[in-house]
Amino acid sequence: MSGLTLLSTYVSDSEDEEVDDNNKSNENSKRLPLPGSIVAWEGVPHHEDVHDDPSQHEGRLRSFKHERGNWVTLIYINYEPSETMFSWIFTILEEMPVKCNIFSEQFHISITKTLILKFHWIESFVEETKKLCKQTDQFTLELLNVQVYTNEEKMRTFLGIECIDCKGILTHFVKNLNKILAEYKLPPFYEDISYHISFMWCLGNEVAALSDHMYSLTTKLNQFLVDHPEERYIHVTTIHLKIGNKLYAFKLK
């Protein structure tokens, strides 16, 4: 499972300019050369326009329309569940009152919203994020309870294991990360932060149907963690940044 591709439903278009095909008189005009810094940069490979087809990804709809020059971006923490944790997840799947699916993507803890980054911002955004990671100590998260979440469009519902930021290092990191996002006029992370590992999802807004099961699921999670204390903590040494289909991994100090 750990080798599965993260967020494979997101595909972005890398073109940073559009050509007016109706103006044939411009065909022979010369373009200005790109700056050397961009020519030398190993950016995200080009993609053709992508047409959303929910039937290709289990009925899910994309939150963002594909537009040229826009890149779907996320900053997150990887989580690789053990076989023991996977076994526990499969046992509770049978108890769900609605049809749910276990995540087929890499499990992770988001620390930004899903963002739209302009092509010409990418190089500086990567450098700013890398610099912040170098200034941040490694930290530990503790698994706490099971919560139900929805995306902002209320089109999908998730079950997630909520995590505690034991020493406040992640909270401080996200606060500084929000300052970087503000420089690019990008939205900050949620004000009422709930760090969590989404592990199960279903289509639509099923919060009401699932909420009554949270106490029971949390009790079972806590018993699982008592029986398997090695599963309780996540030691975070690396922050991941995904821009289009380009993945960066930045070590913490």
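Sequence positions are assigned chain by chain, starting from 1 and proceeding in written order. Given that this is a predicted model, residues contribute local features only at a pLDDT of at least 70 and side-chain atom pairs are listed and counted only at 80 or more, while totals for whole chains, interfaces and linings are drawn from all residues. In computing side-chain properties, one takes all heavy atoms of the structure into account and sets aside hydrogens as well as water.

Side note on the packing of helix α2 (residues 83-93) against helix α6 (residues 214-227)
- The axes are straight lines fitted to the C-alpha atoms, using for helices just the contacting stretch, and the angles between their N-to-C directions are given from 0 to 180°. Helical segments are the DSSP runs of H or I of at least four residues, strand segments are the runs of E of at least two, and each set is numbered from the N terminus. Running from amino to carboxyl end, α2 crosses α6 at an angle of 155°, the nearest separation of the two axes being 12 Å. Classified by the angle between their axes, α2 and α6 sit roughly antiparallel to one another. Once α2 is placed against α6, the crossing between them reads as right-handed. Taking contact as the criterion, the partners of Thr84, Met85, Trp88 and Ile92 in α2 are, on α6, Leu217, Lys220, Leu221 and Phe224.
- Side-chain classes follow a simple rule in which Ala, Val, Leu, Ile, Met, Phe, Trp, Tyr, Cys and Pro form the nonpolar group, Asp, Glu, Lys and Arg form the charged group, and the remainder, Gly included, forms the polar group. Taken together, the residues that form the contact of α2 with α6 break down as 6 nonpolar, 1 polar and 1 charged. What sets the label is the angle itself: under 35 degrees gives roughly parallel, over 145 gives roughly antiparallel, 65 to 115 gives roughly perpendicular, and the rest give oblique. Left-handed describes a crossing whose near helix is turned anticlockwise from the far helix by less than a right angle; the clockwise case is right-handed. Note on contacts: a residue pair qualifies if any of its non-hydrogen atoms lie within 4.5 Å across the two residues.

Overview of the sheet that holds strand β8 (residues 233-236)
- What the 5 strands build is an open sheet, ordered β2-β7-β6-β5-β8; its pairing is antiparallel. Two strands in the sheet have a free side with no partner beyond their single neighbour: β2 (101-102) and β8.
- Relative to the sheet, α2 contacts β2, β5 (139-150), β6 (156-165) and β7 (196-203), its axis offset from that of β7 by approximately 30°.
- Packing of α6 onto the sheet brings it into contact with β5 and β6, and relative to β5 it is tilted by some 155°. Only strands that DSSP links by at least two bridges are regarded as paired with each other.

Looking at the packing of aromatic side chains
- Whether two aromatic rings pair depends on their centres lying within 6.5 Å, for rings of Phe, Tyr and Trp, where Trp uses its six-membered ring; planes under 30 degrees apart make the pair stacked, over 60 edge-to-face, and the rest tilted. Taken as a whole and assessed by the stated rule, the structure comprises 11 aromatic pairs.
- Centre to centre, the rings of Trp88 and Phe199 are 6.3 Å apart; their planes meet at 55°, and the pair counts as tilted. In this pair, Trp88 sits in helix α2 while Phe199 sits in strand β7, placing the two residues 111 residues apart along the sequence.
- We call a charge positioned above a ring when the Lys NZ or Arg CZ atom is no farther than 6 Å from the ring centre and deviates by at most 35 degrees from the ring normal. One Lys or Arg, Arg156, reaches over the ring of Trp201 and ends 4.5 Å from the middle of that ring.

A word on a negative patch on the surface
- Negative charge collects at one region of the surface, where Glu123, Glu127, Glu128 and Glu183 lie side by side.
- Tracing the backbone shows Glu183 in helix α4 (residues 169-183). Each patch is built from residues that are more than 30% exposed by relative accessible area and take part in no salt bridge. Like charges join if they lie within 9 Å; nonpolar side chains (Val, Leu, Ile, Met, Phe, Trp, Tyr) join within 5 Å. We get accessible surface area from the Shrake-Rupley algorithm with a probe of 1.4 Å; when it comes to residues, only the shown protein chains can shield them. The rule for a salt bridge is simple: a side-chain nitrogen of Lys or Arg has to be within 4 Å of a carboxyl oxygen of Asp or Glu. His residues and chain termini do not enter the charge count, which takes Lys and Arg as positive and Asp and Glu as negative. Think of each charge as sitting on NZ of Lys, CZ of Arg, CG of Asp or CD of Glu.

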